[in-house]
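A structural walkthrough
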Amino acid sequence: MIVFKCKYCSRDLNQIDSDENKRINAKVFYCESCRAEYLFTSNNILASVSMYVTFNDRVYRWTEINNGKRQLWHVLNFKSPGSRSLSNNKNIFSIENSTINLTPETVINKIKFYIQIL
Amino acid sequence: MNCHNCKRELCIVKESSNYTKIECPEHHATVFYRDSKILEYNLLWDADMHAKERFWINAFDDTNYDNYYQSVKRYGCNFLIGTVILKCAYGRPYKIDKIFELNDFIPLEIMDNTIQLNNLVPRLKKLKAFI
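Structural notes, computed from the coordinates.

Attention now goes to the overall build of chain A. When its secondary structure is counted, chain A shows 2 helices and 7 strands. Along chain A, helices (α) and strands (β) appear in the sequence β-α-β-β-β-β-β-β-α when read from the amino end. Whereas a compact globule of 118 residues would reach a radius of gyration of roughly 13 Å, chain A reaches 14 Å, a difference of no more than 12%. A fraction of 38% describes how many contacts in chain A between residues 6 or more apart in sequence connect residues 24 or more apart.

With that settled, consider the overall build of chain B. Helix and strand counts for chain B come out as 2 helices and 9 strands. Listing each helix as α and each strand as β along chain B from the N terminus yields β-β-β-β-β-α-β-β-β-β-α. A fraction of 39% describes how many contacts in chain B between residues 6 or more apart in sequence connect residues 24 or more apart. About 7,000 Å² of surface is accessible on chain B, with carbon and sulfur atoms providing 49% of the total.

Our next topic: empty space enclosed by the protein. All told, the structure shown has 2 cavities of 30 Å³ or more when counted by the stated rule. Taken as a whole, the largest cavity holds about 70 Å³ of empty space. Along the walls of the largest cavity sit Ile 117 and Leu 118 of chain A together with Thr 83, Ile 85, Phe 100, Leu 102, Ile 106, Leu 120, Arg 123, Leu 124 and Leu 127 of chain B, which together make up its complete lining. Of all the secondary structure elements, the ones that give two or more residues to the lining of the largest cavity are β6 (81–89), β7 (92–102) and α2 (121–130) of chain B. Per-class residue counts for the lining of the largest cavity are 9 nonpolar, 1 polar and 1 charged.

Another point: the layout of surface pockets. Roughly 320 Å³ of volume is contained in the largest pocket. Lining the largest pocket are 16 residues, and of these Trp 73, Leu 86 and Asn 91 of chain A together with Asn 78 and Phe 79 of chain B lie nearest its centre. Of all the secondary-structure elements, those providing two or more residues to the lining of the largest pocket are β6 (70–75) and β7 (89–95) of chain A together with β7 of chain B. Of all the elements, β7 of chain A adds the most residues to the lining of the largest pocket, at 4 residues. Looking at the lining of the largest pocket, its residues break down into 5 nonpolar, 7 polar and 4 charged. If you trace the second largest pocket, you find it lined by Arg 58, Tyr 60, His 74, Lys 90, Ile 92, Tyr 114, Ile 115 and Leu 118 of chain A together with Ile 81, Leu 102, Asn 103 and Asp 104 of chain B. Broken down by secondary-structure element, the contributors of at least two residues to the lining of the second largest pocket are β5 (58–65), β7 and α2 (107–117) of chain A.

A few words on the pattern of salt bridges. A full pass over the atoms with the stated rule returns 8 salt bridges over all chains. The residue Glu 96 of chain A makes a salt bridge to Lys 98 of chain B at a minimum N-O spacing of 3.7 Å. Placement of Glu 96 of chain A in the loop between β7 and α2 and of Lys 98 of chain B in strand β7 is noted, with the two residues assigned to different chains. The same class applies to Glu 96 of chain A as to Lys 98 of chain B, namely buried. Residues Lys 37 of chain B and Asp 61 of chain B are paired through a salt bridge, measuring 3.8 Å at the closest nitrogen-oxygen approach.

For the rest of this paragraph, the subject is the environment of Pro 104 of chain A. Residues and elements named next belong to chain A. Along the chain, Pro 104 falls in the loop between β7 and α2. Between the alpha carbons of Pro 104 and Met 51 there is a distance of 6.9 Å; along the sequence they are 53 residues apart. Not counting residues up to four positions away in its chain, the partners in contact with Pro 104 are Tyr 8, Cys 34 and Met 51.

Further remarks concern α2 of chain A. Since one α-helical turn is 3.6 residues long, residues separated by three or four positions face the same way. Residue and element names in this part refer to chain A. Taken residue by residue, α2 has Val 107, Lys 110, Ile 111, Phe 113, Tyr 114 and Ile 117 as its buried positions. Taken down its axis, α2 places every buried residue within 155 degrees of arc, on the same side. Away from its buried face by more than 90 degrees, α2 exposes Asn 109 and Gln 116.

Take the interface of chain A and chain B next. The interface of chain A with chain B comprises 13 residues on the first partner and 12 residues on the second. At the boundary of chain A with chain B, total buried surface from both sides reaches about 1,300 Å², with 64% on carbon and sulfur atoms. Of all residues in chain A, Glu 96, Ile 117 and Leu 118 of chain A give up the largest surface area on contact with chain B, accounting jointly for 38% of the area buried on that side. Viewed at the interface, chain B and chain A are joined by 1 salt bridge. If you look at where chain A meets chain B, you find 4 residue pairs in polar contact (both at pLDDT 80 or more). If you list the elements that add at least two residues to the side of chain A that touches chain B, you get β7 and α2 of chain A. Considering each element in turn, the side of chain A that touches chain B owes the most residues, 6 residues, to β7 of chain A. Across the side of chain A that touches chain B, the residue classes tally to 8 nonpolar, 2 polar and 3 charged.

Basis of the calculations
- Residues numbered from 1 in each chain as written.
- Chains lettered and ligands numbered in written order.
- Predicted model: local features only at pLDDT ≥ 70, side-chain atom pairs only at ≥ 80, totals over all residues.
- Heavy atoms only, no water.
- Helix = DSSP H or I, 4+ residues; strand = E, 2+ residues; numbered from the N terminus.
- Rg over C-alpha atoms; globule rule 2.2 N^0.38 Å.
- Contact = heavy atoms within 4.5 Å.
- Areas by Shrake-Rupley, 256 points an atom, 1.4 Å probe, with all protein chains shown as cover.
- 1 Å grid on protein atoms, 1.4 Å probe; cavity = no way out; pocket = protein on both sides within 12 Å on 5 of 7 lines; lining within 4 Å.
- Points joined across faces, edges and corners; volume = space filled by probe spheres on them.
- Nonpolar A, V, L, I, M, F, W, Y, C, P; charged D, E, K, R; others polar.
- Salt bridge = Lys/Arg side-chain N within 4 Å of Asp/Glu carboxyl O.
- Buried < 20%, exposed > 50% of the residue type's maximum accessible area, 1.4 Å probe, protein only.
- Arc of directions from axis to C-beta.
- Buried area = accessible area lost by both parts, 1.4 Å probe.
- Polar contact = N/O pair within 3.5 Å; in protein donor to acceptor, adjacent residues only side chain to side chain.

Printed below as a string of structure tokens:
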């Protein structure tokens, strides 16, 4: 069994099992302390890293996809990480070909900035 | 309505039951409206003339359109209401790259019958510095 570590705090990641992830043939791992979520393809290639942030009683998900796309989502009814359902996730914006790489320490200020100017 | 860039009057280029399309003679702006309500606009924004940085801003509210073809042309954007920013080569507006899409329609400000970018540009400049 492969053990993945969080790239921010180096702790072991917990795998999140859900029917949704099985259906899309993806593996989702989560770091509780960093609120960071890692989405792997079935052949263990990292597809995206997301970070969850609570701001003004709302949960946001910042997603960095390895094709250079960056997305900010409003998670409408946050129960557990890993959900990609569009009924529960409202996309706020997407940036193409970006080199922005946030960390659990910097993501909150960045999201505050985006929410204020948009 | 006059263009934000060259101040020339936008002319009607298409009228249908769904919308009326008006356009700047120099193609700096295109506006779609129905019953005096703006449904969509496309604006050219020269962010930095010296650096030859040129953007297109496409804002739309497709919930008012009956025509499917309106939503397929949004540069691969799935939103029904949104704003898309495209970077285009200076002097070659047909060569474009989508850089940003926002799930919100930013209203078009019109003052003295002229399109204003006052509410738009400061926000875009801030965004541009961070993306």
